[in-house]
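Residue-level structural notes
So you can see what is in the structure, the chains are spelled out below.
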Amino acid sequence: MILASNSIVVRRGESPPLYLPDLSIASGAQLLLMGPSGSGKTTLLSVLAGLLPPTEGNVLLEQQNFYALSSVARDRIRGKTFGFIFQTLHLLPSLTVAQNVMLAADMAKVAVEPGRLEDLLAKLGLADKADRKSAALSQGEQQRAAIARAVLLRPKLLIADEPTSALDDANTDAVVTLLQDQATETGAALLIATHDARLLDRFDTVVTLKTQGGPVS
Amino acid sequence: MNAVSLAVAAIRARPLQSALCILSATLGSALLVLVFLLSQTIASGFQRNAEGIDIVAGAKGSPLQLVLSSVYHADVPAGNIEMSDYLALQRDRHVRQAIPLALGDNYQGWRMVGSTPDYLKLYQAEFAQGQVFAQPFEAVVGAATGMKLGESFAARHGFAADSNDIHDAAMYTVTGVLKPTGTVLDKLIITSMESVQTLHSGHHHEDHEDAQAEGHEKHDDHDAHDHDEAHDHDAHDHDAHDHDEAHDHDAHDHDEAAEEALGHQVTAVLIKTRSPIDRMNLPRQINQSSDLLAAVPSLEMARLTKSLGIGKTLILALGVGFVVLSALILLASLASSLAVRRYDLAVLRVLGASPGKLLLTVVAEAVLLSGVGTVIGLAVGHGVGYIAALNIDTLQGIVLPETFLQVHVLDGVFLLLGLVIGITASLIPAISAARTDIAGLLAKG
Ligand SMILES: Nc1ncnc2c1ncn2[C@@H]1O[C@H](COP(=O)(O)OP(=O)(O)OP(=O)(O)O)[C@@H](O)[C@H]1O
Ligand SMILES: [Mg+2]
């Protein structure tokens, strides 16, 4: 198991407590996290990534209690172990495409082998866009740049939050294929959280979240 | 991409706001450094010019006027004193050195000073060319006059170049050119006291002959000379010196009397006392027991500086105002840019940056903006001071322009101050950036 969660409960402010399902993700596995809006998908991803200490329960990252580590240590491990793709593509508009992709290495303070950036950009059809400001890219190009950044360091886990909710069928297919291929290629486990039912038949393993109530699996 | 290059990218992404931050920091620091440098160089210039002069004695009038006119050559003297007064001072056992000054002429606006070579020594003047005056009508010129060795010239009566009363009876010759001293000496033409006195005693007689030789058309528009013929003989008669009544050109009378008086008078005496106690007592003694006025340059200048201090305080307040304004602009700019960049910061966190790194990025942005602004401001302050010192007449001889081109301790102090203010202004936005609730932001999409 590369990542597992046990009996996670999150209480925040006035909101009712969220009971989140137990997950266990094997190295290289591909998994879909389904659930309606507000069911806690993003919350669960935050907990798994070490960004949100759960009120109850624990997260095991490679058999280690993730939240036993300091927050700075979790930041460092997250940078090296996780690749993230957000629903709204968060490239820094003031940086170039290459700089945006390299942020993954810079923030995790990890060196990248020479040629890795160029290879990756070429593979994702961004070779000629490397030195453009990311704000000058199309939606699709931005999404590919975000994927390039997520896989740059060959993370053990590739996590995407609603990567397809704004896309048409053809693009949804293309993006899921790209994510699955990249995950396979870099040996990463893939976890996609979505309420997009179009993705259901692309994954063998599906974990479902319900709007309220107790844990579901 | 480290914290600094991220900050640079953020600064370049908002050129207008960044420029505003830099500009306000520039204005504040430029004003502050300019005022401090000016007041410091002026104060040290005052001091440099009065070095070795404990007391000035001259005709009764205002002490400040006496000091300004005879030490700084910035005002018109109130009158002259008798040669015998000077000789008495020279003999006084409390006086170590008494240097006479005979003022009242100029050449192209450069004041002429009739004195002794001791006057040059007072300022430790060195010769760039030539040597000290030895014969009558030899003159030594200050570096700023731009006059050449061997140049010959006629003095004009008065302190301004537009006087039309020319002493063309005798021509002066430049026998020495001084190196710059950074004192008022640079703007003076120094000659022997005897030269000035001879010129004034012989004024009417010889000037007239000379003017006649030049022809009458020229002579006619020389108002000052119109009546010269009427009392040729008077000019030779210094001791029975009351020709005031001899003619009725009232406006001219006084001027002429003063002018001729220089033939046997001096304008002021620069005194170095034998001991500090003498320096304290001698002025009172002179003021009480003679017709002379004694003034202490350091006291008069201290009083003047104090009254100028109000202006300095005002400009300083303006500078401080700009510094505070720049801090506020920086704060507002950082806060608004962070509101826009919240998600960027969250992304950095997800990519593995620690909260400390976000804090550092924001602080780096502030340090860059305020640092660049302060450095530009310091350069501008120095530059404006330099240009002012070069071009404002009253500053010449008091302020050395070159001092504005040198790095000053104040620069370090102001740079540090600018950075501290920048960091302070950035602390609140920086801490809020570091504390960003990443999970909450992600949940909002
Ligand atoms: N910062 C927060 N403080 C309090 N409650 C929150 C916070 N963020 C989210 N919630 C609540 O937690 C619940 C789960 O939110 P979450 O964003 O995880 O849902 P989601 O499944 O990702 O929804 P969506 O599909 O719309 O993205 C929601 O009821 C939401 O209102
Ligand atoms: Mg969500």
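As the structure is a prediction and not an experimental result, all values here were calculated from the model.

Quick look at the environment of B:A10
Residue and element names in this part refer to chain B. Positionally, A10 belongs in helix α1 (residues 3-13). The class for A10 is buried, based on a relative accessible area of 3%. Along the chain, A10 and L149 lie 139 residues apart, while their C-alpha atoms are 62 Å from each other. Setting aside chain neighbours within four positions, we find A10 in contact with R341 and E365.

Considering the nonpolar core
Note on soluble globular proteins: their nonpolar side chains tend to be buried together. Counting residues in hydrophobic clusters, the biggest one holds 101 residues, and the most contacted among them are A:L3, A:F82, A:L158, A:L179, A:L191 and B:L348. Ranked by the residues each element gives to this core, the list is headed by helix α12 (residues 297-350) of chain B, at 10 residues. Other than its neighbours up to four places away in sequence, A:L158 contacts A:G83, A:I85, A:A150, A:V151, A:L179, A:A183, A:A188, A:A189, A:L190 and A:L191. Judged by nonpolar contacts, the second largest core, of 45 residues, contains B:L66, B:L120, B:L270 and B:A388.

A short note on the site of ligand 1
Neighbouring ligand 1 are 16 residues; A:S15, A:S37, A:K41, A:T42 and A:T43 lie closest to it. More than one chain approaches ligand 1, the contributing ones being chains A and B. One of the backbone nitrogen or oxygen atoms of A:G38 is found 2.8 Å away from an oxygen atom of ligand 1. Starting from 630 Å² of accessible surface for ligand 1 in isolation, the protein chains cover 70%.

Considerations on the sheet that holds strand β4 (residues 30-34) of chain A
The strands making up a sheet associate through hydrogen bonds between their backbones, and the pairing can be parallel or antiparallel. All names here are of chain A. Strand order in the open sheet formed by five strands is β7-β8-β9-β4-β10, and the pairing between neighbours is parallel. Two strands bound the open sheet, and with one partner strand each, they are β7 (82-85) and β10 (205-208). Neighbour-to-neighbour, the strand axes of this sheet turn through a mean angle of 20 degrees, independent of strand direction. With four bridges joining them, β7 and strand β8 (residues 157-161) adopt parallel strand pairing. Within the sheet, the bridge partner assigned to I85 lies in β8 and is A160.

A short note on the pairing of strand β3 (residues 95-107) of chain B
All names here are of chain B. For β3, a buried count of 11 out of 13 residues is recorded, marking the element as mostly surrounded by other parts of the structure. Inspection of the sheet shows β3 paired to strand β11 (residues 268-273) by six bridges, in the antiparallel sense. Paired with A98 across the two strands is I271, which belongs to β11. The sheet contact formed by β3 and strand β4 (residues 110-115) spans four bridges and is antiparallel. Each bridged residue has a counterpart across the sheet, and for A102 the counterpart in β4 is G114.

Details of the confidence of the model for chain A
Within chain A, residue pLDDT values average 90, and 97% of them lie at 70 or more. Low pLDDT, under 50, characterises residues 213-217 of chain A; the predicted model gives this stretch six contacts beyond four residues in sequence or across chains.

Notes on the interface of chain B and chain A
Contacts between the two partners involve 21 residues from chain B, matched on the other side by 26 residues from chain A. For the pair chain B and chain A, the summed buried surface comes to about 2200 Å²; carbon and sulfur atoms form 69% of the total. On the chain B side of the interface with chain A, the three residues burying the most area are B:M1, B:V350 and B:L351, jointly 30% of the side's total. Along the contact surface separating chain B from chain A lie one salt bridge. Of the charged contacts in the structure, one is a salt bridge between A:D75 and B:R349, with a shortest N-O distance of 3.0 Å. Counting the contacts that link chain B with chain A gives three residue pairs in polar contact (both at pLDDT 80 or more). A breakdown of the residues in the side of chain B that touches chain A according to their chemical character gives 15 nonpolar, three polar and three charged.

As for the packing of aromatic side chains
Under the counting rule described, the total for this entry stands at 10 aromatic pairs over all chains. Taken together, a centroid distance of 5.4 Å and an interplanar angle of 20 degrees make the contact between B:F153 and B:Y172 stacked. One end of the pair, B:F153, is in strand β7 (residues 152-157); the other, B:Y172, is in strand β8 (residues 166-178), and 19 residues separate them in sequence. Taking the relative accessible area as the measure of exposure, B:F153 reaches 1% and is therefore buried. We classify B:Y172 as buried; its relative accessible area is 0%. Ring pairing ties together the aromatic residues A:F66, A:Y67, A:F82, A:F84 and A:F86, which thus form one cluster.

Some words on empty space enclosed by the protein
Residue and element names in this part refer to chain B. Enumeration over the complete set of coordinates arrives at four cavities of 30 Å³ or more. Along the wall of the largest cavity there are 15 residues; nearest its centre are A25, V323, S326, T374 and G418. Of all the elements in the fold, those that place two or more residues in the lining of the largest cavity are α2 (15-49), α12, α13 (355-391) and α14 (409-434). Of the residues that constitute the lining of the largest cavity, the class distribution is nine nonpolar, six polar and no charged. Quantified by volume, the second largest cavity comes out at close to 90 Å³. Here the lining of the second largest cavity is built from residues that sort into five nonpolar, six polar and one charged.

Remarks on the pattern of salt bridges
Scanning the entire structure with this criterion turns up 19 salt bridges over all chains. Of the charged contacts in the structure, one is a salt bridge between A:D128 and A:K129, with a shortest N-O distance of 3.5 Å. With a closest N to O distance of 2.9 Å, B:R341 and B:E365 form a salt bridge. With B:R341 in helix α12 and B:E365 in helix α13, the pair connects residues that are 24 residues apart, well separated along the chain. With relative accessibility at 15%, the residue B:R341 sits in the buried group.

Quick notes on the domain arrangement of chain B
Residues and elements named next belong to chain B. Per the domain assignment, the segments making up chain B are domain 1 (3-47 + 309-444) and domain 2 (55-295). Contacts between domain 1 and domain 2 engage six residues on the former and five residues on the latter. Carbon and sulfur atoms make up 57% of the surface buried where domain 1 meets domain 2, a total of about 500 Å² over both sides. Residue composition of the side of domain 1 that touches domain 2, grouped by class: three nonpolar, two polar and one charged.

Remarks on the side chain of B:S24
Residues and elements named next belong to chain B. Position of S24 among the secondary structure elements: in helix α2. Only 3.0 Å separates the side chain of S24 from the backbone oxygen of C21, close enough to count as a polar contact. Not counting residues within four places of it along the chain, the set of residues in contact with S24 comprises F322, S326 and I329.

Considering helix α6 (residues 169-186) of chain A
Along an α-helix, residues three or four positions apart point the same way, because every turn accommodates 3.6 residues. Residue and element names in this part refer to chain A. For α6, spanning 18 residues, the distance from its first C-alpha to its last is 26 Å, which sits close to the expected 26 Å at 1.5 Å a residue. Here α6 has its buried residues at T172, V175, V176, L178, L179, Q180, Q182, A183 and T186. Looking at the buried positions of α6, the neighbouring elements they touch are β4, β7, α4 (116-123), α5 (139-151), β8 and β9 (189-194). Positioned one or two residues after α6, G187 has a phi angle of 75 degrees, which is positive.

The rules behind the values
- Residues numbered from 1 in each chain as written.
- Chains lettered and ligands numbered in written order.
- Predicted model: local features only at pLDDT ≥ 70, side-chain atom pairs only at ≥ 80, totals over all residues.
- Heavy atoms only, no water.
- Helix = DSSP H or I, 4+ residues; strand = E, 2+ residues; numbered from the N terminus.
- Buried < 20%, exposed > 50% of the residue type's maximum accessible area, 1.4 Å probe, protein only.
- Contact = heavy atoms within 4.5 Å.
- Core = buried A, V, L, I, M, F, W, Y, C linked by side-chain atoms within 4.5 Å.
- Near = heavy atom within 4 Å.
- Polar contact = N/O pair within 3.5 Å; in protein donor to acceptor, adjacent residues only side chain to side chain.
- Areas by Shrake-Rupley, 256 points an atom, 1.4 Å probe, with all protein chains shown as cover.
- Pairing = 2+ DSSP bridges.
- Axes fitted to C-alpha atoms, helices over the stretch in contact; angles between N-to-C directions.
- pLDDT = per-residue confidence, 0-100.
- Buried area = accessible area lost by both parts, 1.4 Å probe.
- Salt bridge = Lys/Arg side-chain N within 4 Å of Asp/Glu carboxyl O.
- Nonpolar A, V, L, I, M, F, W, Y, C, P; charged D, E, K, R; others polar.
- Phe/Tyr/Trp six-rings, centres within 6.5 Å; stacked < 30°, edge-to-face > 60°.
- 1 Å grid on protein atoms, 1.4 Å probe; cavity = no way out; pocket = protein on both sides within 12 Å on 5 of 7 lines; lining within 4 Å.
- Points joined across faces, edges and corners; volume = space filled by probe spheres on them.
- Domains from an automatic or database assignment.
- Expected span 1.5 Å × (residues − 1).

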